[in-house]
Amino acid sequence: MKAHNILLVEDDLDLGSVLKQYLTLENYEVTHSCNGKEGLKHFKKGDFDLCILDVMMPEMDGFTLANSIKAIDPKIPFIFLTAKAMKADRIKGLKLGAADYIIKPFEADELVLRMKNILNLSIHQEASNALEICDYSLDFENLTLMHKKENQILTEKEAELLRFLIRHKNQLVKISTILEKVWGADDYFLGRSMNVFISRLRKYLRYAPQISIENIRGVGYILKDQ
């Protein structure tokens, strides 16, 4: 099983470093950002399973960052970390859709347990819910791309690639990022293989002309849903 990819946005460098080390030991892949603007840049470039956001930060506070992240991926779960114990702040965070809200100081193992609960729930919901794009529905669990004109059985890798592109639709995703997240390695020969998979997906999506997978030569791909 691939390690979960975590975005940690915490401006306290000591706390951020400790949490990153602890989570890495727990087999998570962690990207640490020191402020909200940097965190948003990392989120746009990566493929994250969970975001851990400090509330009080320079450049962009955690609440604003959460709204920006949700605009890109409404389904991404996130946890707020804050030294504030005010009820109004907790309510604001939960209204934004936070999966959890942890008051500092806290034990790192408590954070890990809460993360596991959230990620397990997210995996269960993802397995039971199809991803929708235009007139298509991707049933990832059963490796089926459904359309009223035709249901297409996919290979596991085709399904993984299509799911990744749907999650990042209308965004340029670098070739290296796709290879690392879907194939597990950035390799020249895997890149040539990926081109074949992209051609297959274009064929499978032929009943929706408003969907296109555009190749930005030498850079990456964009799944456009116009």
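About the thresholds
Residues numbered from 1 in each chain as written. Predicted model: local features only at pLDDT ≥ 70, side-chain atom pairs only at ≥ 80, totals over all residues. Heavy atoms only, no water. Core = buried A, V, L, I, M, F, W, Y, C linked by side-chain atoms within 4.5 Å. Buried < 20%, exposed > 50% of the residue type's maximum accessible area, 1.4 Å probe, protein only. Helix = DSSP H or I, 4+ residues; strand = E, 2+ residues; numbered from the N terminus. Contact = heavy atoms within 4.5 Å. Pairing = 2+ DSSP bridges. Salt bridge = Lys/Arg side-chain N within 4 Å of Asp/Glu carboxyl O. Arc of directions from axis to C-beta. Polar contact = N/O pair within 3.5 Å; in protein donor to acceptor, adjacent residues only side chain to side chain.

**Remarks on the nonpolar core**
The tendency in soluble globular proteins is for nonpolar side chains to be buried as a group.
Stage number 1. Counting residues in hydrophobic clusters, the biggest one holds 28 residues, and the most contacted among them are L161 and I178.
Stage number 2. Among the secondary structure elements, those contributing two or more residues to this core are β6 (131-133), β7 (136-139), α6 (156-167), α7 (175-183), α8 (188-204), β11 (211-216) and β12 (220-225).
Stage number 3. It is α6 that contributes the most residues to this core, six residues altogether.
Stage number 4. When residues no more than four places from it in sequence are discounted, the contact partners of L161 are I178, V182, W183, F197, I198 and L201.
Stage number 5. The next biggest cluster of nonpolar side chains, apart from the first, holds 20 residues, and it includes I76, F78, F80 and Y101.

**Some thoughts on the sheet that holds β12**
Stage number 1. The antiparallel open sheet is built from three strands, whose spatial order is β10-β12-β11. Looking at strand neighbours, the two that pair on one side only are β10 (173-174) and β11, the edges of this open sheet.
Stage number 2. Of the strand pairs in this sheet, β10 and β12 are connected by two bridges, and their pairing is antiparallel. Across the sheet, V173 pairs through a bridge with Y221, a residue of β12.

**Considerations on the pattern of salt bridges**
Stage number 1. Scanning the entire structure with this criterion turns up 10 salt bridges.
Stage number 2. Put simply, K104 and E10 hold a salt bridge, and the shortest N to O gap is 3.0 Å. On the criterion of sequence distance, the pair formed by K104 in the loop between β5 (100-103) and α5 (108-128) and E10 in the loop between β1 (5-9) and α1 (13-25) is long-range, its members being 94 residues apart.
Stage number 3. A salt bridge links E214 to K224, with the shortest nitrogen-to-oxygen separation between them at 3.3 Å. Remark: K224 occurs in strand β12 and E214 occurs in strand β11; sequence separation between them is 10 residues.
Stage number 4. The class for E214 is partly exposed, based on a relative accessible area of 30%.
Stage number 5. The class of K224 is partly exposed, set by a relative accessible area of 24%.
Stage number 6. Salt bridges here are not isolated pairs; linked through shared partners, they connect E10, D54 and K104.

**Let's talk about helix α2 (residues 36-45)**
Stage number 1. Residues of α2 that are buried: G36, G39, L40 and F43. Considered in projection along α2, the buried side chains sweep an arc of 100° and stay on one side of the axis. In α2, the exposed residues that point more than 90 degrees away from the buried face are K41 and K45.
Stage number 2. Taken together, the buried residues of α2 touch β1, β2 (29-33), β3 (50-54) and α3 (62-72).
Stage number 3. Regarding α2, its N-cap is N35, as a side-chain oxygen of that residue lies 3.1 Å from the backbone nitrogen of K37 further along.

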